[in-house]
Amino acid sequence: MRRPLGGRLRLSSTWLGAAPFVVYTGAFLLLPTVLVAVGAFSGAHGPTLSNLAQLSQPYIVSAFVNSLVLSAVSASVGAVVGAVLAYAVATGSPDGIMRRLVTALCGVLSQFGGVTLAFAFIATIGTEGFIVIWLRQHGIDFYPNGVWLFSLTGLTLIYTYFQIPLMVIVFMPALDGIRPQWREATETLGGATWHYWRHVAGPLLLPAFLGAWLLLFANAFSAYATAAALLDIGGVIVPLQISRALSSEVGLDQANLAAALALGMVVVVALITVGYSWLQRRSARWLPR
Amino acid sequence: MNRRRRRRLAAFKTAVYVVLGLFFLLPIAAMVEFATRGVGISSPRTLSAFTSIGSDPELVDAIMASLELALITSVGMLALLLPTMIWVRLRLPRMVRPVELACLTPLTIPAIVLVVGFAPIYRWIEINVSDSILTLAFAYLILVLPYCYRALDAGLSAVDIRTLSEAARSLGAGWDTVMWRIVVPNMSSAVSNACLLCAAVVLGEFTVANLLNFENLQVAISILGTGNASISIALSVLSLVFVFVFLLVLSFLARSLSRRRGAARA
């Protein structure tokens, strides 16, 4: 590590170079976070735990449960399907057109979320959507049991749309780290395809797979825009509850409830992130540097 | 790999590509189909949804605001992040990890959480600074930090800053010369990557704008959608195409840089 040359004067001017960044992130990153933490414990008459106590109300508990279920399901579907797609791409030629096309498309689609995605699905399987009309012309009713697009079910389906490409992007390096020697070694020892996956590639890929799953989970858990565009009333998931609390005109109480909800989300996502970095470190052992 | 396994793998890959290709391209095709529908069931395709975008002043305002925000955020991000990252790598190695941590924090503390903390700050800004939608740039700069940090970091790691800066300094260059005339030109592709990512994120941002009651592009699309779905969807198609073209340009820039570097090495 290079020591700064010269005396104290040089040292402080060096630190000054980082000052703008520190000041800015202090004001717009640290301060909001502190405000959330403080707000969660603030009440009309000073510090209080009543906001946290409100989190135990049934409609909020169900919002958390819905968020967790939505995130878990969309992450699982996204992880499995994404892993399959990533495998299909990784086993192809590394410079081939399919790989570049799919990678580029995944890059775009993983960012394609929010409002535009909700409308894309409304245009596809909404009540006057392309598929619905086409099926209707052939005598098939797409929604025999009622329209499910504008519910948690529909939201889960829509979430998989950006979860799968995200999985491909995140998991591909792990698949690229599979060495052909492992397969050859398995065959030399008399193993079949099933043995290879069950005893060699599977366990080696598992940490990376679980880490990617956690990333997808956190991604779905924090998502707001798509739900806001699709489900217009109520607060079935936590982000929508936060939005309801923030836009309510009731006053200070609701703002602090929003802070408590936000704090709850941070706790969940923090646990996820800790698990993710632990799994990252484990899986990095097997990947070539 | 024997022939039977290769054939099974090929069949598997084809099936995967076809099924997933349909799943991903269908909604986009459906969007285009919806946006070009005529008034009746069998009336001809029309582009009226696209052309009427320009006739709604509120919409045009929202589009302009988003574009301006994308520009301001990109410039602001470059002004803040780029010098800091280079400076920290050259002069303050101990700060590399904290800066990285700060830049990746918005991933752990997502927009929906940050916006709760932004609300009081923006109430203050509204009174004391400005109530223009462009003040969103302050928040957006934080939101783009993770993406831009990664892009700039990739570019910085590819350049041997230590050697270059020591060589320049030994020839008498000041630190500003080192930063602007030596390091930055060597990471031009990373800089443009970061800018394009920045723009893509800002154009697609909804959460913060909506919950702070500003009307940017995505909020406008959402508001419109409740009344007139066609225009919303037409706008969605356009914004999607826009971002796609952006990211396509990005990938070409990245390829051309690596090709140039490869040629230089050869």
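Residues numbered from 1 in each chain as written. Chains lettered and ligands numbered in written order. Predicted model: local features only at pLDDT ≥ 70, side-chain atom pairs only at ≥ 80, totals over all residues.

Considerations on the overall build of chain B
Across its full length, chain B carries twelve helices and zero strands. Helices and strands appear in chain B in the N-to-C order α-α-α-α-α-α-α-α-α-α-α-α. The C-alpha atoms of chain B give 23 Å as radius of gyration, which overshoots the globular expectation for 266 residues (18 Å, by more than 25%). Along the first, second and third principal axes, the C-alpha set of chain B runs to 75 × 70 × 30 Å. Counting the 266 residues in chain B, one finds 41% classified as buried. Contacts in chain B between residues at least 24 apart in sequence constitute 77% of all its contacts with a sequence separation of at least 6. (Helix = DSSP H or I, 4+ residues; strand = E, 2+ residues; numbered from the N terminus. Rg over C-alpha atoms; globule rule 2.2 N^0.38 Å. Buried ≥ 20, exposed ≤ 12 C-beta atoms within 10 Å, placed from the backbone. Contact = placed C-beta atoms within 7 Å.)

As for the packing of helix α3 (residues 57-91) of chain B against helix α9 (residues 188-203) of chain B
Residue and element names in this part refer to chain B. Between α3 and α9, the shortest axis-to-axis distance is 9 Å and the interhelical angle comes to 140 degrees. Our classification of the angle between α3 and α9 gives oblique. Every pair of crossing elements has a handedness; the one defined by α3 and α9 is right-handed. Contacts between α3 and α9 involve S66, L69, A70, T73, S74, M77, L78 and L82 on the former and, on the latter, V191, A194, C195, C198, A199, V202 and L203. Each residue belonging to the contact of α3 with α9 can be placed in one class, and the counts come to twelve nonpolar, three polar and no charged. (Axes fitted to C-alpha atoms, helices over the stretch in contact; angles between N-to-C directions. Parallel < 35°, antiparallel > 145°, perpendicular 65-115°, else oblique. Left-handed = near helix turned anticlockwise from the far one by under 90°. Nonpolar A, V, L, I, M, F, W, Y, C, P; charged D, E, K, R; others polar.)

Digging into the interface of chain B and chain A
Of the residues lining the interface, 61 residues belong to chain B; the matching set on chain A comes to 56 residues. For the side of chain B that touches chain A, the secondary structure elements donating two or more residues are α1 (3-35), α3, α4 (96-108), α5 (111-128), α6 (136-158), α10 (207-211), α11 (217-227) and α12 (229-265) of chain B. Here the residues of the side of chain B that touches chain A are counted per class, giving 44 nonpolar, 14 polar and three charged.

Digging into the packing of helix α5 (residues 114-125) of chain A against helix α6 (residues 130-137) of chain A
Residue and element names in this part refer to chain A. Close contact between α5 and α6 brings their axes to 3 Å; oriented N to C, the two are set at 5 degrees. As the angle between them shows, α5 and α6 are arranged roughly parallel. Here α5 contributes A123, T124 and I125 to the contact with α6, which in turn contributes F130, I131 and V132. Residue composition of the contact of α5 with α6, by class: five nonpolar, one polar and no charged.

Here we look at the domain arrangement of chain B
Residue and element names in this part refer to chain B. In terms of domain boundaries, chain B breaks down into domain 1 (1-35) and domain 2 (58-265). With centres defined by C-alpha atoms, the gap from domain 1 to domain 2 works out at 33 Å. With four residues of domain 1 in contact, the opposing surface of domain 2 contributes five residues. Split into classes, the residues belonging to the side of domain 1 that touches domain 2 amount to four nonpolar, no polar and no charged. (Domains from an automatic or database assignment.)

Structural notes on the domain arrangement of chain A
Residue and element names in this part refer to chain A. One can read the domain layout of chain A as domain 1 (1-40) and domain 2 (57-284). Here the C-alpha centroids of domain 1 and domain 2 sit 35 Å apart. Counting residues at the interface gives four residues for domain 1, matched by six residues for domain 2. Residue composition of the side of domain 1 that touches domain 2, by class: three nonpolar, one polar and no charged.

Some thoughts on the environment of A:L135
Inspection of the secondary structure puts A:L135 in helix α6. Apart from the residues lying within four places of it in its own chain, the contact partners of A:L135 are A:I140 and A:F142.

Things to note about the environment of B:V32
Residue and element names in this part refer to chain B. Turning to its location among the elements, V32 is positioned in helix α1. Note on V32: 18 C-beta atoms within 10 Å, which makes it partly exposed. Between the alpha carbons of V32 and L47 there is a distance of 10 Å; along the sequence they are 15 residues apart.

Topic: unusual backbone geometry
Residues and elements named next belong to chain B. Not every positive phi belongs to a glycine, and N213 is a case in point at roughly 60 degrees. Structurally, the position occupied by N213 is in the loop between α10 and α11. Overall, N213 belongs to the partly exposed group, with 13 C-beta atoms counted inside 10 Å.

Quick look at the confidence of the model for chain A
Taken residue by residue, chain A gives an average pLDDT of 82. The fraction at 70 or more is 91%. Across chain A, helix α3 (residues 58-90) of chain A holds the top mean pLDDT of 91, while helix α4 (residues 97-111) of chain A sits lowest at 77. (pLDDT = per-residue confidence, 0-100.)

Some remarks on the confidence of the model for chain B
Residues and elements named next belong to chain B. Looking at chain B as a whole, its pLDDT mean stands at 82, while 91% of the residues score no less than 70. When pLDDT is averaged over each helix and strand of chain B, the minimum, 70, is found for α12 and the maximum, 91, for α10. Reported confidence for the predicted complex is 0.78 by ipTM and 0.81 by pTM.

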